[in-house]
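# Descriptive analysis of the structure
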Amino acid sequence: MPGIAEFALASAPIAGGALLGIAAGNFKGPDVRAALLKDLDLLDRIPEDQAERRAQLQRVIDMRIDSLIAAADKSREVKELAASYQGNWRDIVVFVCAVLFTVVWWNIDHSRTNWMVMFVVMIVVSIVAGIYAARGVIRGVRTYLRSRRGRPAHPR
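Residues numbered from 1 in each chain as written. Predicted model: local features only at pLDDT ≥ 70, side-chain atom pairs only at ≥ 80, totals over all residues. Heavy atoms only, no water.

## Considering the overall build of the protein
What the protein contains, in helices and strands, is six helices and zero strands. Beginning at the N terminus, the succession of helices and strands in the protein can be written as α-α-α-α-α-α. Looking at the 156 residues of the protein, the share that counts as buried comes to 13%. Long-range contacts, defined as pairs at least 24 residues apart, comprise 52% of the intrachain contacts of the protein with a sequence gap of at least 6. For the protein, the accessible surface area stands at approximately 12300 Å², while carbon and sulfur atoms represent 66% of it. (Helix = DSSP H or I, 4+ residues; strand = E, 2+ residues; numbered from the N terminus. Buried < 20%, exposed > 50% of the residue type's maximum accessible area, 1.4 Å probe, protein only. Contact = heavy atoms within 4.5 Å. Areas by Shrake-Rupley, 256 points an atom, 1.4 Å probe, with all protein chains shown as cover.)

## As for the environment of Val103
Looking at the secondary structure, you find Val103 in helix H5 (residues 89-106). Classification of Val103 by relative accessible area gives partly exposed; the value is 47%. It is 9.4 Å that separates the C-alpha atoms of Val103 and Met122, two residues lying 19 residues apart in sequence.

## Examining the confidence of the model for the protein
Averaged over all residues, the pLDDT of the protein is 82; the fraction at 70 or higher stands at 89%. For the protein, the element scoring lowest by mean pLDDT is helix H1 (residues 2-10), at 69; helix H3 (residues 32-45) scores highest, at 90. (pLDDT = per-residue confidence, 0-100.)

## A closer look at helix H6 (residues 115-148)
For H6, built from 34 residues, the straight-helix expectation of 50 Å at 1.5 Å per residue is met to within 8% by its first-to-last C-alpha distance of 48 Å. Within the span of H6, buried status applies to Trp115, Val117, Phe119, Met122, Ser126, Ala129, Gly130 and Ala133. (Expected span 1.5 Å × (residues − 1).)

## Focus: the packing of aromatic side chains
One pair of aromatic rings is described through two measures. These are the centre distance and the angle between the planes. Taken as a whole and assessed by the stated rule, the structure comprises four aromatic pairs. Consider the rings of Trp115 and Phe119, whose centres lie 5.0 Å apart with planes at 10°: the pair is stacked. With a gap of four residues between them, Trp115 and Phe119 both fall in helix H6, about one helical turn apart. What makes Trp115 buried here is its relative accessible area of 5%. On the basis of relative accessibility, which here comes to 16%, the residue Phe119 falls in the buried class. Among the aromatic residues, those joined into a ring-pair cluster are Trp106, Trp115 and Phe119. (Phe/Tyr/Trp six-rings, centres within 6.5 Å; stacked < 30°, edge-to-face > 60°.)

## Thoughts on the side chain of Thr102
By the element assignment, Thr102 lies in helix H5. Within the structure, Thr102 has its side chain in polar contact with the side chain of Ser126 (distance 3.2 Å). Setting aside residues no more than four positions away along its own chain, Thr102 makes contact with Phe119, Met122, Ile123 and Ser126. (Polar contact = N/O pair within 3.5 Å; in protein donor to acceptor, adjacent residues only side chain to side chain.)

## A few points about the environment of Val99
Structurally, Val99 is set in helix H5. What makes Val99 partly exposed here is its relative accessible area of 31%. Separated by 27 residues in the primary sequence, Val99 and Ser126 have C-alpha atoms spaced 5.8 Å apart.

## Section: the packing of H5 against H6
In the contact formed by H5 and H6, the axes pass within 8 Å of each other and the chain directions differ by 155°. On the basis of their axis angle, the class for H5 and H6 is roughly antiparallel. As H5 packs across H6, the resulting crossing turns out to be left-handed. For the pair formed by H5 and H6, the contact residues are Asp91, Ile92, Val94, Phe95, Ala98, Val99, Phe101, Thr102, Trp105 and Trp106 on the first element and Trp115, Met118, Phe119, Met122, Ile123, Val125, Ser126, Ala129, Gly130, Tyr132, Ala133 and Val137 on the second. A class-by-class count of the residues in the contact of H5 with H6 yields 18 nonpolar, three polar and one charged. (Axes fitted to C-alpha atoms, helices over the stretch in contact; angles between N-to-C directions. Parallel < 35°, antiparallel > 145°, perpendicular 65-115°, else oblique. Left-handed = near helix turned anticlockwise from the far one by under 90°. Nonpolar A, V, L, I, M, F, W, Y, C, P; charged D, E, K, R; others polar.)

The following block contains the structure:
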């Protein structure tokens, strides 16, 4: 069974990178709404005769509310931008780089323990990058042909 052990050991860096990506995607920031509720509760508990302290805390609460609104607007913009992504020249560059790295990796000594795992990953990355690049090229050609016929470039 040394073949399976070597395969598992060779795939450890790739699995670690995937787990790091998953962990980064699940990261939760601070709960601003809960902090805002605590601040509002604290504002209610400060006596009326401490007007300056109440005003300062109210200013902090207003800043948090403004930050929350700005974050919601920015999140909506980012989601709209991600949904409207049509592909561009960077997809082609990623595809070319993935293919070139795969060719370079092919010329590395095949007896390395992680050679096969990394080669398979590079093939998969090249295929996925090729699909995105082809999709962008096809959209570009369609847009060009529509504009040549006098039709709108982006019918919706």
